[in-house]
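Chain by chain, the residues run as shown.
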Protein chains: 2
Amino acid sequence: MAMTSTSIASVPSISSSSPTPVLKYAMKFPLFPSRQIASAVRHRFGSTTTATSSVSSSSFTWDDVFRAGESIQNDPSDLQGFLDKVKLCNRNSEKQSEFMPFVIENQIVGYVHFGFADHLRKFRDVFVFPKDNDAFGSNLGCHVTLHSLLKTAEDRTRAVGDVVKCLGKELIPGIRNELYPVISSFGAPVFFSVERAAAPYFGTKAYGVHMNGYVEKDGQKYLWLGKRSEAKPTYPGMLDHLVAGGLPHGISCQKNLVKECEEEAGIPSNISSKAISVGAISYMDIEGQRFKRDILFCYDLKLPEDFIPRNEDGEVESFKLVPVRHVANLIRNTEFFKANCNLVIIDFLFRHGYITPENFGYLKLLQSLRNGDCS
Amino acid sequence: MAMTSTSIASVPSISSSSPTPVLKYAMKFPLFPSRQIASAVRHRFGSTTTATSSVSSSSFTWDDVFRAGESIQNDPSDLQGFLDKVKLCNRNSEKQSEFMPFVIENQIVGYVHFGFADHLRKFRDVFVFPKDNDAFGSNLGCHVTLHSLLKTAEDRTRAVGDVVKCLGKELIPGIRNELYPVISSFGAPVFFSVERAAAPYFGTKAYGVHMNGYVEKDGQKYLWLGKRSEAKPTYPGMLDHLVAGGLPHGISCQKNLVKECEEEAGIPSNISSKAISVGAISYMDIEGQRFKRDILFCYDLKLPEDFIPRNEDGEVESFKLVPVRHVANLIRNTEFFKANCNLVIIDFLFRHGYITPENFGYLKLLQSLRNGDCS
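Residues numbered from 1 in each chain as written. Chains lettered and ligands numbered in written order. Predicted model: local features only at pLDDT ≥ 70, side-chain atom pairs only at ≥ 80, totals over all residues. Heavy atoms only, no water.

Under the annotation held in an unreviewed UniProt entry, chain A carries the name Nudix hydrolase domain-containing protein and is attributed to Cinchona calisaya. Quoted straight from UniProt, the Sequence similarities (unreviewed entry) entry for chain A says "Belongs to the Nudix hydrolase family." Quoted verbatim from the Function (unreviewed entry) field of UniProt, the annotation for chain A is "Probably mediates the hydrolysis of some nucleoside diphosphate derivatives." (UniProt positions renumbered as here; feature names shortened; annotations may be inferred.)

Structure representation (structure tokens):
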């Protein structure tokens, strides 16, 4: 399961072999600053019901999921729980001033933290800082670009790749040996490609495909949810879409989706080809020196009632079919989902009429789903 | 059919009794500046097929609609035709500087053109311009507000209503005696209400509900389209949604939709109550002294195959069922639709997979559907 997501690299100071339960939990909820871990552990619904008080701080089971899904909230029209999940994917926007544009051929393709830039300065034949010598000592106009001798995409990919390797595990953990295209906007020319784990350090955009697989029975809709393998380095044990994947260089969304459907859920192409594209969501998340700018293309696939997903790549522990109304409860009352899945499911809830204009904050929540640069 | 739309008032200099065909056409396509009328008359698809060359400049028939719907384009993946329709609803954004904020209780509720403001200045017991006496002669901070003695919504509604009546047909044509709430964002407190036809002169937001009614037969989707009565003062004879309406003060979207479904298309409440809210679109259009800021809540209603809509209020000439793919052709190749309907149908095309990420400009078009302040 290759997802566009906040990866293990988002908490570089916390090792995955950390012995303490709190840090282990932090690995599961890497979007939380440590001071919020305690409240995350509580699961907000715990305050209105004791049904889930037995949930451990480091894991949850499908039984916990079903109990939380069925829990009744005080005010079902309140969208705050959804907004909170959107915020989890859009942290620290006020810190954009700590980043300088990464410019190629006069196009902004990313943003680099001033601190990370200091590491890049050592590689003078790769990275250039044209306005460093500003006579007024100001950062105005400051940006980073690639050396003018790096003219082709291949040259740039190789040179930047060498730097990423050189900076190594200390600075950029979680190297995947997977290349993401560096572009100014979707469909625009590819300037070069960058290692997936390094993309947030260069603030380059990352695109993905996320699919909600649903079933309709007796007029009620159900979503197939996956529970990620405990062995996954990112978001182990958490809830996930039926199918999702990052979009590597050189493959279309549609082809990538069909491929991921096969690998992640055993959906044959004669079924997955019926998935329909339904829009896109975006977010921008700043954490330390990382600037994630993700755009996820959203898909719906209505599955036959008798279809049972089957994971083929060992990245999903199991799948369960959950009523959409219960999924909505999970989204707003727990932190069980991998962070960006919340947004794609909220988009589903909008399009399928589960969130309506009568709910206070309808337009605010709707808009927030494209909080990032969705281009 | 009470729609949130550019009304006859948008071309105040052209009388509806105008004898010349060109001006009559302009009434039908009031969003076009006169220099664009000739090209609008040509209908862009005329350049790739002669099938519709017989379309008159002042009207079209259902036969014209069917022919244009079936016409094949050179490049079906090109979204430019859709983008052009979005632009028709979002003109002159560069002229925002010709407007000053309309402020109530420290909230911006609208924008008033400097020229229109000069008329309002005559009503000193209603409108106040606090920064008019700027010592530097600059417009900075310039805004208009209501007199501090107008404390209640009722007082404000009456006082502004009197001014609107006084300015009369010369300045604000098309008075409907229908009140729209003046708010800073949807769900926020209502400061007062303003005559619907006057809303664009105060740049206050207007909300509406638009519903795509569709049928699924043998796996293919069809949209019910209405053709507006030739007697309608706005957009006579043009294509329309099955159901749409402005959102007056004091009624919820859901209730308004059910009411409009009954009046406009004879859809009984046991069917219309199954309409699902699917999101919202927004646009901002500046034309002369008018600043339209519309937000339309979008609905889908899947209708039984044997349901035949029946107009009950005389505002629709007739309805026809058209394959969605043909509707898409109509949107991008003709100007047959009432302008804002284009956007709501493009939103439908996105959500139902007729426009995909493989189409160049996908994200740009998707984003453009909420070009206005969607709050």
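Picking up after the structure, the text goes on.
Asks: How should the environment of Lys259(A) be read in this particular structure?
Replies: Its place among the elements puts Lys259(A) in helix 8 (residues 253–265). Distance from Lys259(A) to Gln367(A), taken between C-alpha atoms, is 31 Å for residues 108 residues apart in sequence. (Helix = DSSP H or I, 4+ residues; strand = E, 2+ residues; numbered from the N terminus.)

Asks: Can you help me understand the packing of aromatic side chains in this one?
Replies: In this description, a pair of aromatic rings is defined by centroid distance and the angle of the planes. The final tally for this structure, using the stated rule, is 32 aromatic pairs over all chains. Where Phe102(A) meets Phe192(A), the ring centres are 6.3 Å apart and the plane angle is 70°; that geometry is what we call edge-to-face. With a gap of 90 residues between them, Phe102(A) in strand 1 (residues 99–104) and Phe192(A) in strand 6 (residues 192–195) connect regions that are remote in the sequence. Ring centres 5.8 Å apart and planes at 40° place the aromatic pair Phe102(B) and Phe202(B) in the tilted group. With Phe102(B) in strand 1 (residues 99–104) and Phe202(B) in helix 7 (residues 199–202), this residue pair connects regions lying 100 residues apart in the sequence. The residues Phe102(B) and Phe202(B) share a single accessibility class, namely buried. Sitting over the ring of Phe129(A), Arg121(A) keeps its end group 4.2 Å from the ring centre. (Phe/Tyr/Trp six-rings, centres within 6.5 Å; stacked < 30°, edge-to-face > 60°. Buried < 20%, exposed > 50% of the residue type's maximum accessible area, 1.4 Å probe, protein only. Lys NZ or Arg CZ within 6 Å of the ring centre and 35° of its normal.)

Asks: Would you mind showing me how to read the relation of the copies chain B and chain A here?
Replies: Note: a rotation about an axis with an accompanying shift along it relates these two copies of the chain. Expressed as a screw transformation, the operator carrying chain B onto chain A has a rotation angle of 180° and an axial translation of 0.0 Å, and the superposed copies differ by an RMSD of 0.0 Å. Taken together, the rotation and translation describe the operation of a two-fold axis. In terms of C-alpha distance to the rotation axis, chain B has Arg351(B) as its closest residue, with the C-alpha 3.9 Å off the axis. Both copies share a contact surface, since 100% of the interface residues of chain B are interface residues in chain A too. (Least-squares fit on C-alpha atoms with pLDDT ≥ 70 in both. Contact = heavy atoms within 4.5 Å.)

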